[in-house]
Amino acid sequence: MPFTYADVEQAAHRIAGRIRPLSTARADPAGPVFFALEFLQFTGTFKARGAQNFVRAHAETGALPAAGLTIASGGNAGLACAWAAASAGVPATVFLPETAPPVKIARLRELGAEVRFGRDYPAAAAACREFAAASGALASHAYDHPLIAAGAGTLTRELLAAVPGIDTVLVAVGGGGLFAGTAVAARHHGVRTVAVEPKGCATLHAALAAGAPVEVPVDSVAADSLGAPIVSQTAYELATDPSVSSVVLDDEAIVTARRALWDRHRIAVEHGAATAYAALLDGPDGPAYRPAADERVAVILCGANTDPATLTG
């Protein structure tokens, strides 16, 4: 389902005043690396942007049913959906895999969502589809919808306005919603995108190798937020653009990056958010992405729905 930068602009106007404006910070006072602090967003992740865009767009056309919204999610998209639904005065029913982190389950219930479970994400997604058909609830999607992706793209729109002269944006990839929005907004402004994935769920990297989206096994420390089994067709098509490059990392590098963000910057994020930063850190063969000497780089730190007690574990 394609979308354009005009859709990102429309999303920005639609959700203005309903989400927190993006905060940014230099990684080092004198360095060329900047952090997009999106983990400060409502519900703790960038997902709030797409969820709010999805809900408001349907409300504008009178297509928001009394039965509310339903979604299958690893947790973060469900949180955003529940929050956006509550802001519109309708209920939310969220389907999670049984492995969803307790911190996300508890927060969903605090937001008033009804939480149901499937064995894994595909099972949760199937149960969500059945529920939508039976109840009349409006089915949202964690990443594969133009309204969701366009909403996510407003993050990079704000980033490039706040930090002029950025050359490259690093973004973690799960199902591809944030990547798709980032790539569309970055390309519009002549900026490169680096897609960063765990080896244990590298959906985009696998799609690029196969020439089409393909299912991959999911086994990563970052699977609770990046563990989609297949990337969206839109994300795949955007990744074939010359302005995009793709790198993969092992879990050890992701864990190290998460600890480094805490130790060096006192930034507490989940493993999925640390994945983008991990690409810049030295590993056995150097960093997965090595910026040029004069390259200004932004790293999207996309979520912080995590247990702080695990930061040093």
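The rules behind these values
Residues numbered from 1 in each chain as written. Predicted model: local features only at pLDDT ≥ 70, side-chain atom pairs only at ≥ 80, totals over all residues. Heavy atoms only, no water. UniProt positions renumbered as here; feature names shortened; annotations may be inferred. Pairing = 2+ DSSP bridges. Helix = DSSP H or I, 4+ residues; strand = E, 2+ residues; numbered from the N terminus. Buried < 20%, exposed > 50% of the residue type's maximum accessible area, 1.4 Å probe, protein only. Arc of directions from axis to C-beta. Contact = heavy atoms within 4.5 Å.

By the naming in an unreviewed UniProt entry, the protein chain goes by Serine/threonine dehydratase and is assigned to Nocardia thailandica. Comment text from UniProt for the protein chain, heading Cofactor (unreviewed entry), reads "pyridoxal 5'-phosphate".

A. Focus on the sheet that holds strand β4 (residues 92-97). Pairing is parallel in the open sheet, where four strands are placed in the order β5-β4-β3-β6. The open sheet is flanked by β5 (114-118) and β6 (138-139), the only strands paired with a single partner.

B. Summary view of helix α4 (residues 102-110). Taken residue by residue, α4 has K104, I105 and L108 as its buried positions. Each buried residue of α4 sits inside an arc of 100 degrees when the element is viewed along its axis, so together they form one side. When the buried face of α4 is taken as reference, the exposed residues oriented beyond 90 degrees from it are P102 and E110. Contact partners of the buried residues in α4: α3 (76-87), β4, β5 and α9 (223-226). Within two residues after α4, G112 carries a phi angle of roughly 90 degrees, on the positive side.

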